[in-house]
Amino acid sequence: MRILVCIKRVPAPGARIVVEPDGQTIDTANLGFTISPHEECAVEAAVQLVEQHGGNVTVMTLGPEGAEEQLRHAVSVGATDAILIPAGERDWDPQATARALTDAIGDAESDGAFDLILFGNESADSGGYQVGVRVSRALGRPMVNGIKGIEIGKGVVTLRRETDGGSELYELPLPAVVGVKEGITLPRYPTLRGRLASKKADVRTFEAGEQPGGQSMVALANPPEQVKQTVMLTDAAAAVDVMEELGLL
Amino acid sequence: MILAIVEHDRGTLNELTLQALAVARDLGDVEAVILGSAGAGLAEELGAHGVSKVHVADHELLADYGPDAWAETTRQLADAIGAEVVLAIGSDRGNEVMAHIAARLDAPMVANVISVTPGEDWGVVRVRWGGSLHEEALVVAPLKLLTVAPHALAASEVGGPQAEVVPFMPSLSDEGVTRVIDRATLAEGITLATAPIVVSGGRGVGSAENFSILEELADQFGGVVGCSRVATNNGWRPHSDQVGQTGTRVAPDLYIACGISGAIQHWVGMMASKKVMAINTDAEAPMVTKADYALVGNLHEIVPAIIEEIRNRRG
């Protein structure tokens, strides 16, 4: 089976994000970059499906030239083909992103459709929750988000989504689109062989024109810092006093 | 007019919806849609939250949740009543349904707004990075599709009269419609997302086995155990226990963070907690400086001591 995973380059989670004085971009000088966490797990899930059922994994990203690093990382853990849609340093809006991805997928499918296209549930940085759904609609394929389990059957895929205290199952006909959540599986580390393959890999470029939608960013801002007077407790008894005061005991 | 989606699971209200209604009220007259007759019983309480009219959509494809049927029904209703805004809470389902509506209309959708300013172009402030960054944006569209960031605004009753309840019959085809075909219950009763007390552990806990003292502490108040991303990545806890931007969002009465440094990725998942108590060896850790209460020291000594103290006081 052929699987496509759409990924995004984002600053490593946990980093302190500082907005530049112009309010338009974030200060990236001290930031490391990674594949957005849900998508990192989607890549791993795709590689495992291919190990189980045969086939290959293609990764695609829309982003700055530096995003080639994330495509090569995906190759180092098992993807075989990589496609970059150059978009400069500034984020494209969700509609523009979806339109460009749809065009690039159409181009990549000239020799046959992907059985499965995986997205992350939402990107760690902009968190728009929509690009995958827009692409699925444009391609006329079914999609469910928030997926933590994928099983391939005969012409169908069974998807598991966690809810508060339980899980829901969905069955979609292939080809289908899936929004994956972190926790579906743990990403592997690249092997030495994988690293070598990723260095040699040919990253293809697909040029897509930017077709903006109806949402435009005006400015970014760091929310006001919460100033909190932390009460320092001296021992366990003081902690239990607090629990009593809060009426928890 | 504002059309708000009332999120429910086979008749059980997602209480976060009421937060979205608080935002909707500020924008104009609010009507609501309940998708599926299983949720019809929820209509009564919506008047108190400022809803003037409730549309109960009924169709066999709405018997259980499905993003396509929910989105298509809402789109048809918004069109029929001339809504200017469709709004939902920014939950998994809320964001998913809104994205499907947006994709059908090829219209912009703004996820997780915390404020909305109507005008010729609408100004919104939305959260990025799970809440650690704010984005001011403009929306240009005849129908504005918005989800409201959970816990950004408190739900409140405004004591309005009982809402008028009217049926709505959508025209749906079952072709290409995805919906729940089966479900499993993993846990009964209190879960991470609803627990009044969460005892959470991070790198400082050190191993899967060491989480047993956190379990024991949580058991003292019928709480549940959560964890940071480090604990999940080390295989100490399942991902379903993870609190944070890519895990579960919690808002308990008390969040006890044991050996968690408090990276922003974790913080955004528990910042809605009413009170936070940090137990950490590092007095400079962000979790300690941002907590309401902090105990600086070794959690492997402090947590058992707290358990013992609770038992002593209870006799």
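Here is what the cut-offs are and how they apply
- Residues numbered from 1 in each chain as written.
- Chains lettered and ligands numbered in written order.
- Predicted model: local features only at pLDDT ≥ 70, side-chain atom pairs only at ≥ 80, totals over all residues.
- Heavy atoms only, no water.
- Helix = DSSP H or I, 4+ residues; strand = E, 2+ residues; numbered from the N terminus.
- Rg over C-alpha atoms; globule rule 2.2 N^0.38 Å.
- Contact = heavy atoms within 4.5 Å.
- Areas by Shrake-Rupley, 256 points an atom, 1.4 Å probe, with all protein chains shown as cover.
- Lys, Arg positive; Asp, Glu negative; His and termini not counted.
- Charge placed at Lys NZ, Arg CZ, Asp CG, Glu CD.
- Pairing = 2+ DSSP bridges.
- Buried area = accessible area lost by both parts, 1.4 Å probe.
- Salt bridge = Lys/Arg side-chain N within 4 Å of Asp/Glu carboxyl O.
- Polar contact = N/O pair within 3.5 Å; in protein donor to acceptor, adjacent residues only side chain to side chain.
- Nonpolar A, V, L, I, M, F, W, Y, C, P; charged D, E, K, R; others polar.
- Buried < 20%, exposed > 50% of the residue type's maximum accessible area, 1.4 Å probe, protein only.
- Patch = residues over 30% accessible without salt bridge, like charges linked within 9 Å, V, L, I, M, F, W, Y side chains within 5 Å.
- Domains from an automatic or database assignment.
- Core = buried A, V, L, I, M, F, W, Y, C linked by side-chain atoms within 4.5 Å.

Peer 1: Honestly, the overall build of chain B in this entry has me stumped. Any pointers?
Peer 2: From N to C terminus, chain B includes nine helices and 17 strands. Against the 2.2 N^0.38 benchmark of 20 Å for 315 residues, chain B shows a C-alpha radius of gyration of 22 Å, consistent with a compact globule. Dimensions along the principal axes, computed over C-alpha positions, put chain B at roughly 65 × 40 × 40 Å. If you take every contact in chain B between residues at least 6 apart in sequence, the share linking residues at least 24 apart comes to 63%. Accessible area of chain B: about 11,700 Å², with a carbon and sulfur share of 47%. Of note, chain B has its 21 positive side-chain charges centred 4 Å away from the centre of its 40 negative side-chain charges.

Peer 1: Whenever I open this one, the pairing of strand β8 (residues 156-163) of chain A confuses me. Can you help?
Peer 2: Strand residues, when the strand is regular, have side chains that alternate between the two faces of the sheet. Residue and element names in this part refer to chain A. In the sheet, strand β7 (residues 143-152) pairs with β8 via five bridges, with the strands oriented antiparallel. Along β8, the bridge assignment pairs Ile 147 with Arg 161. Linkage of β7 to β8, two consecutive antiparallel strands, is achieved through a turn of three residues, within which Gly 155 is found at a positive phi near 70°. Both β8 and strand β9 (residues 166-173) contribute to a ladder of eight bridges, which runs antiparallel. Residue Thr 158 lies in a different strand from β9, and its bridge partner there is Glu 171.

Peer 1: For this particular structure, what's the right way to read the interface of chain A and chain B?
Peer 2: When the parts of a complex come together, some accessible area is lost, and that lost area is often taken as the interface size. Taken together, the contacts link 75 residues of chain A with 80 residues of chain B. Between chain A and chain B, roughly 6,500 Å² of surface is buried when both sides are summed, and carbon and sulfur atoms account for 56% of that area. The tally of links between chain A and chain B comes to 10 salt bridges. The salt bridge involving Asp241(A) is made with Arg313(B); its shortest N-O contact spans 2.7 Å. Viewed at the interface, chain B and chain A are joined by 37 residue pairs in polar contact (both at pLDDT 80 or more). In terms of residues, the side of chain A that touches chain B owes the most to one element, helix α6 (residues 236-245) of chain A, which gives eight residues. When the residues that make up the side of chain A that touches chain B are grouped by side-chain class, the tally is 36 nonpolar, 21 polar and 18 charged.

Peer 1: Could you clarify how one ought to interpret the pattern of salt bridges in this entry?
Peer 2: A side chain with one charge may pair with a side chain of the opposite charge, provided their charged atoms come close. Within this structure, the stated rule accounts for 37 salt bridges over all chains. The salt bridge involving Arg9(A) is made with Glu69(A); its shortest N-O contact spans 3.0 Å. Placement of Arg9(A) in strand β2 (residues 9-11) and of Glu69(A) in helix α2 (residues 68-76) is noted, with a sequence separation of 60 residues between them. Its relative accessible area of 18% is what places Arg9(A) among the buried residues. The salt bridge partner of Glu68(A) is Arg72(A), with a shortest N-O separation of 2.9 Å. With a gap of four residues between them, Glu68(A) and Arg72(A) both fall in helix α2, about one helical turn apart. The structure contains a network of salt bridges with shared partners spanning Arg161(A), Glu168(A), Asp9(B), Arg10(B), Asp64(B), Arg93(B), Glu96(B) and Arg183(B).

Peer 1: Would you take a moment to explain a negative patch on the surface for this structure?
Peer 2: All names here are of chain B. Together, Glu 15, Glu 44, Glu 45 and Glu 157 make up a negatively charged patch on the protein surface. For Glu 15, the position within the fold is in the loop between β3 (12-13) and α1 (17-25). Overall, the relative accessible area of 53% leaves Glu 15 in the exposed class.

Peer 1: Help me out: how do you make sense of the domain arrangement of chain B in this one?
Peer 2: Residues and elements named next belong to chain B. As assigned here, chain B comprises domain 1 (2-168) and domain 2 (197-314). Each of domain 1 and domain 2 has a C-alpha centre, and these two points are 34 Å apart. Tallying the contact residues gives five residues for domain 1 and seven residues for domain 2. Taking both sides of the interface into account, the surface hidden between domain 1 and domain 2 amounts to around 470 Å²; carbon and sulfur atoms contribute 66%. Looking only at domain 1, the three residues that lose the most surface to domain 2 are Trp 129, Gly 130 and His 151, adding up to 75% of its buried area. Across the contact surface, domain 1 and domain 2 share zero salt bridges. Linking domain 1 to domain 2 there are zero residue pairs in polar contact (both at pLDDT 80 or more). Partitioned by chemical class, the residues of the side of domain 1 that touches domain 2 number one nonpolar, four polar and no charged.

Peer 1: Any chance you could explain the environment of Gly112(A) here in plain terms?
Peer 2: Residues and elements named next belong to chain A. Within the secondary structure layout, Gly 112 lies in the loop between α3 (94-108) and β6 (116-120). Looking at Gly 112, the relative accessible area reads 27%, which means it is partly exposed. Between the alpha carbons of Gly 112 and Arg 2 there is a distance of 9.0 Å; along the sequence they are 110 residues apart.

Peer 1: I tried to follow the nonpolar core on my own but got confused; where do I start?
Peer 2: Among soluble globular proteins, nonpolar side chains are generally buried collectively. One finds Val5(A), Leu118(A), Ile150(A) and Ile5(B) to be the most contacted residues of the largest nonpolar core, which totals 93 residues. Tallying contributions element by element places helix α1 (residues 37-53) of chain A first for this core, with eight residues. Core analysis: the second largest hydrophobic core is formed by 34 residues, Val242(A), Leu214(B), Met277(B) and Ile310(B) among them.

Peer 1: Which parts of the structure should I look at to understand the side chain of Ser200(B)?
Peer 2: Residues and elements named next belong to chain B. Mapped onto the elements, Ser 200 comes out in strand β13 (residues 197-201). At 3.3 Å, the side chain of Ser 200 forms a polar contact with the backbone oxygen of Gly 226. Discounting chain neighbours no more than four positions away, the residues touching Ser 200 are Leu 214, Gly 226, Cys 227, Val 243, Tyr 255, Ile 256, Ala 257, Cys 258, Ile 260 and His 266.

Peer 1: I keep staring at α6(A) and nothing clicks. Help me out?
Peer 2: Because an α-helix completes one turn every 3.6 residues, residues spaced three or four positions apart along the sequence face the same direction. Taken residue by residue, α6(A) has Ala236(A), Ala238(A), Ala239(A), Val240(A), Val242(A) and Met243(A) as its buried positions. Contacts from the buried residues of α6(A) go to β13 (231-233) of chain A together with β15 (254-258), β16 (275-280), β17 (293-296) and α9 (299-314) of chain B. A positive backbone phi angle near 75° is found at Gly247(A), which sits one or two residues after α6(A).

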